[in-house]
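Below are the chains, spelled out letter by letter.
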Amino acid sequence: MKVPQVQPWLGLDEYEAIKSCFTDNWVTEGPKSSEFRARLLELTGAEFGEFAPNGTLAIYLALMAAGIGHGDEVIVPDFTFIATANAVAMVGATPVFADVTSTNFQLDIEACESRITRRTKAIMPAHMYGMVSNMDAIMKLANRHGIMVIEDAAQALGVNYYGKHAGTFGKAGCFSFFADKAVTTGEGGFVITDDPEVAHNLKFLRNQGREDRGSFIHPEIGFNFRMTDIHAAIGLTQLGKLPEAKRRKLQALQWFKNGLADVEEVHFLTLEPGSERIPFRTCIIAEQAHELMKYMDAREIQARTFFYPLHKQPAFLKIVEESGVTSEEFPNSTYAYDHGICLPAFPEMSEGQVNYTIDVIKDFYARISAWVLPGLRLHTPRKILRS
Ligand SMILES: Cc1ncc(COP(=O)(O)O)c(C=O)c1O
C-alpha cells in the first residue's frame, strides 16, 4: 500500500468549474476572482482582501503594505516554513527569530518579548499545522510595546481562535492556496486587513500602482500580483468543500490517535487553548523520529520531518551571527525538528492507509525493543501532552 504525504482533493467539480472560464472566454482576474474574494471575506470576517500569486508573495505584499522595510526588525517564530522569514528579508527588513512553545511549537510569548528592540516594527506569528497561536497574549504584548502584528495564516484558512478567524487579529493576515492546503488553487495567496490604508496599499502595490486595470495613469509604483480566474474557479469549488475537508482531516487525526494511543514512544501536539484545528498534517512527536521516517519510507509511506529551525538555516547564518543569538536559545524548535514527524492528513486518506501507517509505526518500535534493528535504542522522550 502507498501512503503519499500530500494529495490535493481535486475532482470533476473543479474540472467543471474551470470550464466556464473557457466558455465565457475570461481567464484573467475577473468575475470568478471577485466571487472568490467575496467568499473569503465572508469566511474570515475581514473587511478587505487582495490576492497574490502565492502565500510567500502574500506575506511580502502585506509587509510592504504595512510599511515595513529597511532598518526594521520583524520577530518570527524559529519554527515555521522559511517563507515567513524570507518575505521579511525580501522587503529589506531583518527577521529576528524567537523560540516556540514545547507543547505545540507556536510562537512562545516570553521568547518573543525577549527579542523586542527599538527597531522591532512587527511580530509575525505563524499559525502552525492548522491551529492558531496564542493570539490573546501576542496582541497584548504587541499593544503594550506599540508594535504591529502581521499574521502568517498560510496553514490556517477556516481556523478560528475563540470564534474569530485566524489572520484577523493583527494589521494583516496572509493565506496560501498551495496544493497541500485545505483550500488549494495550485498556487495562490490572499491578504486580509480591516485597515483602509493597508487595503489601499495592497491594492495599488499589486496592480501596477493604480486602483484598477483599464487606465494607463499610475499614481504609484507597483507590481503585477494578479491571479487568474481559472485559479479562482478552482478555489471557489474548494471553498465549498472546506467543511467536509475539515471533517475528514479531523477523522484521520482521530484514527491515528486511537491507533497509537498505546504506543508510548509517540505523542500528539497539544491544541492551543481557544484554537480550532484543521490538521495541515498529522503531527507526532516520536522517539527515533528520523529512523522511523526511513523505516516508513522503505514501506512506501511518505513521512516528512518538521520544519528545520530558522536559526540553523544556511540562508540565515549571517543574520544569526550578526544578532549574537546562540543555539541554546532555541531548545523547542530544535527539539521539534529532531523529534517531529508529519504524517499525512489529506481528505481522501482511507482508514486502511491510516491503519497501515499505524501498523508500520508499531512494528518499528517492536523491532527496536526486540533489538532487531541494530544500533537503535529507546530513550524516554520529553513529555508532550496529548490533546
Ligand atoms: C507557514 C507558511 N508560511 C508561508 C508559506 C508560503 O506559501 P506558498 O507556498 O503559497 O508561497 C507556507 C507554505 O506552505 C507556509 O506553510
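Here, every reference points to the structure presented above.
Here's a quick rundown of the structure.

What counts and how
Residues numbered from 1 in each chain as written. Predicted model: local features only at pLDDT ≥ 70, side-chain atom pairs only at ≥ 80, totals over all residues. Heavy atoms only, no water. Helix = DSSP H or I, 4+ residues; strand = E, 2+ residues; numbered from the N terminus. Buried < 20%, exposed > 50% of the residue type's maximum accessible area, 1.4 Å probe, protein only. Near = heavy atom within 4 Å. Polar contact = N/O pair within 3.5 Å; in protein donor to acceptor, adjacent residues only side chain to side chain. Areas by Shrake-Rupley, 256 points an atom, 1.4 Å probe, with all protein chains shown as cover. 1 Å grid on protein atoms, 1.4 Å probe; cavity = no way out; pocket = protein on both sides within 12 Å on 5 of 7 lines; lining within 4 Å. Sits in = over half its atoms within 2 Å of the grid points. Nonpolar A, V, L, I, M, F, W, Y, C, P; charged D, E, K, R; others polar. Disulfide = S-S within 2.5 Å. Expected span 1.5 Å × (residues − 1). Bend = angle between axes of the 7 residues up to and from the residue. Core = buried A, V, L, I, M, F, W, Y, C linked by side-chain atoms within 4.5 Å. Contact = heavy atoms within 4.5 Å. Pairing = 2+ DSSP bridges. Axes fitted to C-alpha atoms, helices over the stretch in contact; angles between N-to-C directions. Salt bridge = Lys/Arg side-chain N within 4 Å of Asp/Glu carboxyl O.

Before going further, it helps to examine unusual backbone geometry. Residues other than glycine seldom take positive phi values, yet Y129 does so here, at roughly 55°. Looking at the element boundaries, Y129 is found in the loop between β4 (120–123) and α6 (135–145). The class for Y129 is buried, based on a relative accessible area of 4%. Phi is positive for Q288, which is not a glycine, with a value near 50°. Tracing the sequence through the fold places Q288 in the loop between β11 (282–286) and α9 (289–297).

The next thing to look at is the site of the ligand. In the region of the ligand, 14 residues are neighbours, and G55, T56, D152, S176 and K181 sit closest. G55 is positioned such that a nitrogen or oxygen atom in its backbone is 2.7 Å from an oxygen atom of the ligand. In this structure, T56 approaches the ligand through a side-chain N or O atom, which is 2.5 Å from an oxygen atom. The fraction of the free accessible surface of the ligand (380 Å²) that becomes covered by protein chains is 92%. In this structure, the ligand is accommodated by the largest pocket. Of all the secondary structure elements, the ones that give two or more residues to the shell around the ligand are α3 (55–65) and α4 (83–90). Broken down by element, the residue count for the shell around the ligand peaks at three residues, all from α3. Residues that form the shell around the ligand fall into these classes: five nonpolar, seven polar and two charged.

This part is about the state of the cysteines. Inspection of the entire model under this criterion finds zero disulfides. Just so you know, C174 is unpaired, no disulfide at all, and the nearest cysteine sulfur is the one on C112, 17 Å from it. We note that C342 lacks a disulfide partner, and the nearest cysteine sulfur, in C283, lies 4.6 Å from it.

Another aspect to go through is helix α8 (residues 229–260). Over its 32 residues, α8 extends 43 Å from the first C-alpha to the last, a length consistent with the 46 Å expected when each residue adds 1.5 Å. At K241, α8 is bent by approximately 50°, the largest bend along its length, and proline P243 sits one to four residues beyond.

Here we take up the nonpolar core. One finds F36, L40, I123, M135, F177 and F190 to be the most contacted residues of the largest nonpolar core, which totals 39 residues. When residues of this core are traced back to their parent elements, those giving at least two are α2 (31–44), β3 (94–98), α5 (109–114), α6, β9 (189–193) and α8. Top element by residues in this core is α6. It accounts for five residues. When residues no more than four places from it in sequence are discounted, the contact partners of F36 are F51, F177, V183, T185, M227, A232, G235, L236 and L239. Within the second largest apolar cluster, 35 residues are counted, among which are L63, F97, V198 and F225.

This paragraph deals with the sheet that holds β9. In space, the seven strands of this open sheet follow the order β1-β9-β8-β5-β4-β2-β3, with mixed pairing throughout. Edge positions in the sheet fall to β1 (48–52) and β3, since each has one partner strand and no second. When the angles between neighbouring strand axes are averaged without regard to direction, this sheet yields 25°. Here strand β8 (residues 172–176) pairs with β9 via four bridges, running antiparallel. By the bridge assignment for β9, S176 is matched with G189. This element, helix α7 (residues 196–206), spans β1 and β9 of the sheet and lies at about 25° to β1.

A word on the pattern of salt bridges. Counted under the stated rule, the structure contains 20 salt bridges. We note a salt bridge from E29 to R206, for which the minimum N-O separation is 2.7 Å. With E29 in the loop between α1 (12–23) and α2 and R206 in helix α7, this residue pair connects regions lying 177 residues apart in the sequence. Here E29 matches R206 in class, with each residue buried. Across the pair R144 and E113 runs a salt bridge whose closest N-O atoms are separated by 2.8 Å. Of the two residues, R144 is situated in helix α6 and E113 in helix α5; the sequence distance between them amounts to 31 residues. Under the relative-accessibility criterion, R144 is labelled exposed at 57%.

Read these as spatial facts, not as claims about activity.
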